[in-house]
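Fold and contact review
Next come the chains, spelled out residue by residue.
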Amino acid sequence: MAGFLAALWTPGDRETAERLRVLDRAAKRQPAWSWKLRAPGLRVLTGARAPLGLRRLNQDSVVIGDLFRRDLLGVRVDENIATDSPAPEAACREMLKRYWGRYVAILRTPDGATSVFRDPSGALDCLIWREAGVTFVATDLPLWLHAFLPRSVAVDWSRVEDMLLDSSQLALEPGLRGVGAVPPGAIQRLGPSSASVTTLWAPSQFAGLNAASRKDALDELPRLVDGCVGAYAGNSRLLAEISGGLDSAIVASAIVRASAPTASWLNYHVADRQGDERLYARAVAGRLGLDLTEALKSEASLSKAGLAESSTNARPGLNGLDAQYDQDVLDRCLAAGADRILTGQGGDTVFYQMATPLIAADHLQQAGLTGLNSSVFFDIARWTRQSLWSVLRIAAVEAAGWGGGAARTPPDFLSAHLRRRAKAMPVHPWLADQDLSPAKRRQVQGLAHTQLFYGACARSRGADLIHPLLSQPIVEYALGLSAVAQTEGGRDRALARAAFAGRLPDTVIQRRSKGAMTAYYGRMLAASLPVLRPMLLEGRLAAQGLVDRSRLEVILDEDDLIVRGHYGELMTLTAIEGWVGHWDR
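The sections below set out a description of the structure shown in this document. Small disclaimer: the values here were computed from a predicted structure and weren't measured.

Turning next to the packing of helix H11 (residues 376-384) against helix H12 (residues 388-399). To characterise two packed helices, one gives the angle between the axes of the helices and the distance between these axes. Relative orientation of the contacting elements H11 and H12 amounts to 110°, with a least axis distance of 9 Å. It follows from the interaxial angle that H11 and H12 lie roughly perpendicular. Considering how the two elements wind past one another, H11 and H12 form a crossing that is right-handed. Across the interface between the two elements, Phe377, Phe378, Ile380, Ala381 and Thr384 of H11 pack against Leu388, Val391, Leu392 and Ala395 of H12. Class assignment of the residues belonging to the contact of H11 with H12 gives a composition of eight nonpolar, one polar and no charged.

In total, this model carries 42 salt bridges according to the counting rule given. A salt bridge links Asp162 to Arg159; the shortest N-O distance between them is 3.0 Å. Here the residue Asp162 and the residue Arg159 both occupy positions in helix H3 (residues 157-165), the gap between them amounting to three residues, near one helical turn. Like Asp162, the residue Arg159 is buried in the burial classification. Taken together, the salt bridges that share partners define one network made up of Arg55, Asp66, Arg76, Asp78, Arg102, Arg340 and Asp464.

The topology assignment puts Asp272 in the loop between strand S16 (262-269) and helix H6 (278-288). A distance of 3.0 Å separates a polar side-chain atom of Asp272 from the backbone nitrogen of Gly275. Beyond its immediate sequence surroundings of up to four residues, Asp272 is in contact with Ala519, Tyr520 and Arg523.

Another point: the sheet that holds strand S18 (residues 340-342). Backbone hydrogen bonds hold the strands of a sheet together, and the pairing may be parallel or antiparallel. One open sheet holds the five strands; their spatial order is S17-S16-S15-S18-S19, and the pairing between them is parallel. The strands lining the two open edges of the sheet, one partner per strand, are strand S17 (292-296) and strand S19 (464-466). Within this sheet the neighbouring strands show an average axis-to-axis angle of 25°, counted without direction. Pairing between S18 and S19: three bridges, direction parallel. Among the inter-strand pairings, Leu342 is bridged to a residue of S19, identified as Ile466.

Another point: empty space enclosed by the protein. Here the idea is plain: a probe the size of a water molecule rolls over the atoms and shows the empty space left. Enumeration over the complete set of coordinates arrives at three cavities of 30 Å³ or more. Roughly 540 Å³ of internal volume is contained in the largest cavity. For the largest cavity, the lining is made up of 33 residues, of which Asp125, Thr139, Tyr454, Gly455 and Ala456 are closest to its centre. Every element with two or more residues in the lining of the largest cavity is listed here: helix H15 (458-462) and S19. Of the residues belonging to the lining of the largest cavity, the class tally is 16 nonpolar, 10 polar and seven charged.

Let us look at the sheet that holds strand S6 (residues 99-108). Reading across from one edge, S4-S5-S6-S7-S13-S14 is the order of the six strands in this open sheet, with antiparallel pairing throughout. Strands with a single pairing partner mark the edges of an open sheet, and in this sheet they are strand S4 (54-57) and strand S14 (197-199). Between one strand axis and the next, the sheet turns through 25° on average, direction left out of account. Judged from the eight bridges that link them, strand S5 (residues 61-69) and S6 form a sheet pairing that is antiparallel. In the sheet register, Asp66 faces S6, and the bridge partner there is Arg102. In the packing of helix H4 (residues 214-233) onto the sheet, contacts are made with S5 and S6, and the angle to S6 comes to roughly 60°.

What follows concerns the nonpolar core. In this structure, Phe117, Val225 and Ile255 are the most contacted members of the largest nonpolar core, which totals 74 residues. Ranked by the residues each element gives to this core, the list is headed by H4, at nine residues. Residues in contact with Ile255, not counting those within four places in the same chain, are Val229, Leu238, Ala240, Ala260, Thr262, Trp265 and Leu342. In terms of nonpolar packing, the next biggest core, distinct from the first, is built from 68 residues, Trp157, Leu418, Leu532 and Leu541 among them.

Procedures and definitions
- Residues numbered from 1 in each chain as written.
- Predicted model: local features only at pLDDT ≥ 70, side-chain atom pairs only at ≥ 80, totals over all residues.
- Heavy atoms only, no water.
- Axes fitted to C-alpha atoms, helices over the stretch in contact; angles between N-to-C directions.
- Helix = DSSP H or I, 4+ residues; strand = E, 2+ residues; numbered from the N terminus.
- Parallel < 35°, antiparallel > 145°, perpendicular 65-115°, else oblique.
- Left-handed = near helix turned anticlockwise from the far one by under 90°.
- Contact = heavy atoms within 4.5 Å.
- Nonpolar A, V, L, I, M, F, W, Y, C, P; charged D, E, K, R; others polar.
- Salt bridge = Lys/Arg side-chain N within 4 Å of Asp/Glu carboxyl O.
- Buried < 20%, exposed > 50% of the residue type's maximum accessible area, 1.4 Å probe, protein only.
- Polar contact = N/O pair within 3.5 Å; in protein donor to acceptor, adjacent residues only side chain to side chain.
- Pairing = 2+ DSSP bridges.
- 1 Å grid on protein atoms, 1.4 Å probe; cavity = no way out; pocket = protein on both sides within 12 Å on 5 of 7 lines; lining within 4 Å.
- Points joined across faces, edges and corners; volume = space filled by probe spheres on them.
- Core = buried A, V, L, I, M, F, W, Y, C linked by side-chain atoms within 4.5 Å.

Structural measurements only, silent on function.
And the structure:
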């Protein structure tokens, strides 16, 4: 696992010294963890299987995680680093310009002040709490660490309400009183003013600012992808999934270019046409000269034991809810001798897969009324299967700032009072910038949801789970491109398709369909109803009045599931209910 625990304290306090001795004894009983640093006032513990790097920053600060140079994209930084300014905020701004990766920086100044910075990718969680004079900074809350949580730790029901209304909230502040988190791209000062958080990086800083020509973009995008994938491939032994879709194929091609040692190329398929993409995965493997392993994803159901196991972390265990798949990937990874898993997740958002008239709104904002005779409107109408007039109307309303943009509607099985609260709920911090164009706002909203891919699960605990397409250089570049350029001709990920056409099979580049696991997860939920019905209808969320029992009872029916779905919303509800059940004791 790629995780860490840092303990910070003021030397000389007896109570603190005893608590540290208890922590030391507990850590020694954890074979998956080992001490990386022991210094006055600071100790760092990292996962032993996939240990994170640690280097000094200036004199008394440290950077934990993977750090790469921006000027030499794939070059890893293992040596100590120095910035021109020792001031924490200035030092972090300089790091953002010079480096990228997945890291957390703990910055200490001579006057005893401490700040924590989390890199923009959010790939490493950054939980913070204080107990018995010790400040803890950690990526996760394994069971052995629960003994070091504040005694007052409890479910924060206001945060639970936020999570139910908007699943992207699961990746922000944890729903536990006494446990906080530093947001991606932000620096937080610890101590009496620990609530002081300053955002140093946000997607809106890059949105729509890249005026690169199409030719330049076709060259730059592969360069960035190859560099970021190659950096994460490093000297690790990899397991890489080839789903049959464009994004995983792009990552696979970059792995091959990096000549990275890969133990297994893995494709999962299910027993229905929508979820069987072997035809395309085989084409990718054939083009790249890979030995593909095909695995049938057997039918499954949710169990009480599995839900309990995925609910012990600081956040609801949505990423590990499909426990059978999660464990199977890890088992195959370990059997093959791999220590790192690379995926194509996040590419849909970064390369712009979303079919929406908001792209036409962006075009109208950029071109003005002279752009009305453009083919963009016809392309978007064909792509979204809407009339030309509908696309024009939506584009005009959104371009003028009168529409709802990328607003989401809360699930209708939530209670009426909670759904009413949705209107007054603050937007995700990344969406707070009112200057974001409509289509770029939709992309940033998608990026906020990709943070859920980093949630704790069996794969991330037993191996190093990496989503390289969400690397900072790729995200920043893609944000800078216009949504129109990314979807030229009314085609999802059109620019990415053109950029990688020379290295992938035409069947994948030209493919218009997209694999879907909807039917599979529908069957999973239907098979899980004997567990889900009592759990959700008689659970803690229902007791708190956060769900409408009568509506939920109708939805938790096999026939209704087939007709109306709600699969994703029900999976999120289940993850939150299981998590609340663990912590609300």
